[in-house]
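Below, each chain spelled out in residue letters.
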Amino acid sequence: MTLLPIPAFNDNYLWLLHDGTHALVVDPGQPQVVQDALLAHGLSLTGIVVTHHHWDHTGGVAELQQHWDCEVYHPRSDPMPFLDAIPPAKRHAVAGGDRVHLLGLSLSVIDVPGHTAGHIAYVGHARPGVGNVLFCGDTLFAAGCGRLFEGTPAQMRDSLNRLGALPADTLVCCAHEYTMANLQFALAVDPKNAALVRYSERAAALRAEGLPTVPTRLSDERAINPFLRVDQADIVRQVMAQFPKTPAQADAIFGALREWKNNF
Ligand code: ZN
Ligand code: FE
């Protein structure tokens, strides 16, 4: 199995997973970049999986499905803009606890509300060439998390906790290259974190070469991502210094941290 990020728009990644012949693509916001990648690697598309309803994750679904007649898996409770364009037999609404069978893989679906109300993530378990992989859309990012457009801080914290509990070696395949901006914020929040400083140096070196900073490893995110670390005394102290009226309660701290990042 091979895992490839396909850059799209300004800073999106559409993820392609393939076995040398067949491929699945995650969140194809743009059709052409996917077609180009399939052609370049001699692949046919057997499945599309979608994490949430935003256009930069769904804009290419109808065109790709019509071209390849492939299966489409999408969240049950996010409104999907492409739905009418897909034959009913080819579209599958899924939610937490469901499994998606593609490329001989069994992907588990996890509900991760917060960025959107019906946002889901897909987890694939170890295969030769690729270990555990997580396709988490705009929920967990390298050194950050998605904005709360439709959910509460409590929902997002809960969603991130579920993702954070996956195996440590899980590759986090997020949907945007937001890493450097996230790291600037993380360093302001958690300046004494030596692992974070090292991670930032690595990420800066990758960007200097024009390379993606993702996928990132879940063990690294647990060590450096402030949104997975709101139980850490250093982070609580920094949030309280910034927003002194925050109740000393994890969801409130998380909400204040997200608010701080929105205005950073
Ligand atoms: Zn989004
Ligand atoms: Fe997005």
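Since the model is a prediction, treat every value here as computed from it, not as a measurement. (Residues numbered from 1 in each chain as written. Chains lettered and ligands numbered in written order. Predicted model: local features only at pLDDT ≥ 70, side-chain atom pairs only at ≥ 80, totals over all residues. Heavy atoms only, no water.)

1. Re unusual backbone geometry
Rules: By definition, any uninterrupted DSSP run of H or I lasting at least four residues is a helix, any uninterrupted run of E lasting at least two residues is a strand, and each is numbered from the N terminus.
The amide bond that connects Val 214 to the next residue, Pro 215, takes the cis arrangement and shows omega of 5 degrees. Along the chain, Pro 215 turns up in the loop between helix H6 (194–208) and strand S14 (216–217). In this structure, Asp 27 is a non-glycine residue whose phi angle is positive, near 55 degrees. Secondary-structure assignment places Asp 27 in the loop between strand S3 (22–26) and helix H1 (31–41).

2. With respect to the packing of helix H5 (residues 179–189) against helix H9 (residues 250–262)
Rules: To get an axis, fit a line to the C-alpha atoms, keeping to the stretch in contact for a helix; angles then go from 0 to 180 degrees between the N-to-C directions. We call two directions roughly parallel when the angle between them is under 35 degrees, roughly antiparallel when it is over 145, roughly perpendicular when it lies between 65 and 115, and oblique otherwise. The crossing is said to be left-handed when, going from far helix to near helix, the turn is anticlockwise and less than a right angle, and right-handed when the turn is clockwise. Residue contacts are counted whenever heavy atoms from the two residues lie within 4.5 Å of one another. Each residue gets one label: Ala, Val, Leu, Ile, Met, Phe, Trp, Tyr, Cys and Pro are nonpolar, Asp, Glu, Lys and Arg are charged, and the others, such as Gly, are polar.
In contact at an axis separation of 11 Å, H5 and H9 are set at 125 degrees when each is read in the N-to-C sense. On the basis of their axis angle, the class for H5 and H9 is oblique. Note on packing geometry: the crossing formed by H5 with H9 is right-handed. Residue-level contacts link Ala 181, Asn 182, Phe 185, Ala 188 and Val 189 of H5 to Leu 257, Trp 260 and Lys 261 of H9. The residue makeup of the contact of H5 with H9, split by class, is six nonpolar, one polar and one charged.

3. With respect to the coordination of the iron ion (ligand 2)
A four-donor tetrahedral metal ideally has 109.5 degree angles, and a six-donor octahedral metal ideally has angles of 90 or 180 degrees. Rule in force here: A donor here means an N, O or S atom no more than 2.8 Å from the metal, or no more than 3.2 Å when the metal is Na, K or Ca. Since water is not included, a site may seem to lack partners. Four donors are marked tetrahedral only if all angles between them lie between 85 and 135 degrees, whereas four are marked square planar and six octahedral if opposite donors are more than 155 degrees apart and the other angles lie between 65 and 115; the remainder are marked irregular.
On the protein side, the iron ion (ligand 2) has Asp 56 (OD), His 57 (NE2), Asp 138 (OD) and His 176 (NE2) as donor atoms, found 2.1 to 2.4 Å from it. Around the iron ion (ligand 2), the four donor atoms are arranged such that angles at the metal cover 86 to 167 degrees; this shape is classified as irregular. If you list the donors of the iron ion (ligand 2) from N- to C-terminus, the spacing comes out as D-H-x80-D-x37-H. Separating the iron ion (ligand 2) from the zinc ion (ligand 1) is a gap of 3.2 Å, which Asp 138 spans by donating to each of them.

4. A short note on the environment of Ser 106
Convention followed: We define a polar contact as two N or O atoms separated by no more than 3.5 Å, with the added condition that, inside protein, one atom must be a possible hydrogen donor and the other a possible acceptor, whereas residues neighbouring each other in sequence contribute only through side-chain atom pairs.
Tracing the sequence through the fold places Ser 106 in strand S8 (residues 105–111). Sequence spacing of Ser 106 and His 125 is 19 residues, and the spatial spacing of their C-alpha atoms is 7.5 Å. Reaching out from Ser 106, the side chain makes a polar contact with the side chain of Arg 99 at a distance of 2.7 Å.

5. Some words on the coordination of the zinc ion (ligand 1)
Here the zinc ion (ligand 1) is held by the protein donor atoms His 52 (NE2), His 54 (ND1), His 115 (NE2) and Asp 138 (OD), which lie 2.2 to 2.3 Å from it. Coordination at the zinc ion (ligand 1) comes from four donor atoms whose angles at the metal span 85 to 173 degrees, giving a geometry best classed as irregular. Every donor residue of the zinc ion (ligand 1) comes from the same chain, spaced as H-x1-H-x60-H-x22-D.

6. Focus: the nonpolar core
The tendency in soluble globular proteins is for nonpolar side chains to be buried as a group. For the record, the criterion: Among buried residues, those of type Ala, Val, Leu, Ile, Met, Phe, Trp, Tyr and Cys that are joined through side-chain atoms within 4.5 Å constitute a nonpolar core. With a 1.4 Å probe rolled over the protein chains alone, any residue whose accessible area is under 20% of its type maximum counts as buried; one over 50% counts as exposed, and the rest are partly exposed.
One finds Leu 3, Val 100, Tyr 122, Phe 135 and Leu 163 to be the most contacted residues of the largest nonpolar core, which totals 59 residues. Residues Leu 14, Leu 38, Cys 70 and Ile 86 belong to the second largest nonpolar core, which totals 20 residues.

7. Observations concerning the sheet that holds S3
Note the following rule: Any two strands with at least two DSSP bridges between them are considered paired.
Read across the open sheet, the six strands follow the order S1-S2-S3-S4-S5-S6; overall the sheet is mixed. Each having just a single partner strand, strand S1 (2–8) and strand S6 (91–94) make up the two edges of the open sheet. Averaged over neighbouring strand pairs, the angle between their axes works out to 25 degrees when direction is ignored. As paired strands, S3 and strand S4 (residues 44–49) are joined by five bridges and run parallel to one another. Within S4, the position partnered with Val 26 by the bridge is Val 49.

Don't take any of this as a statement about function, it's just geometry.
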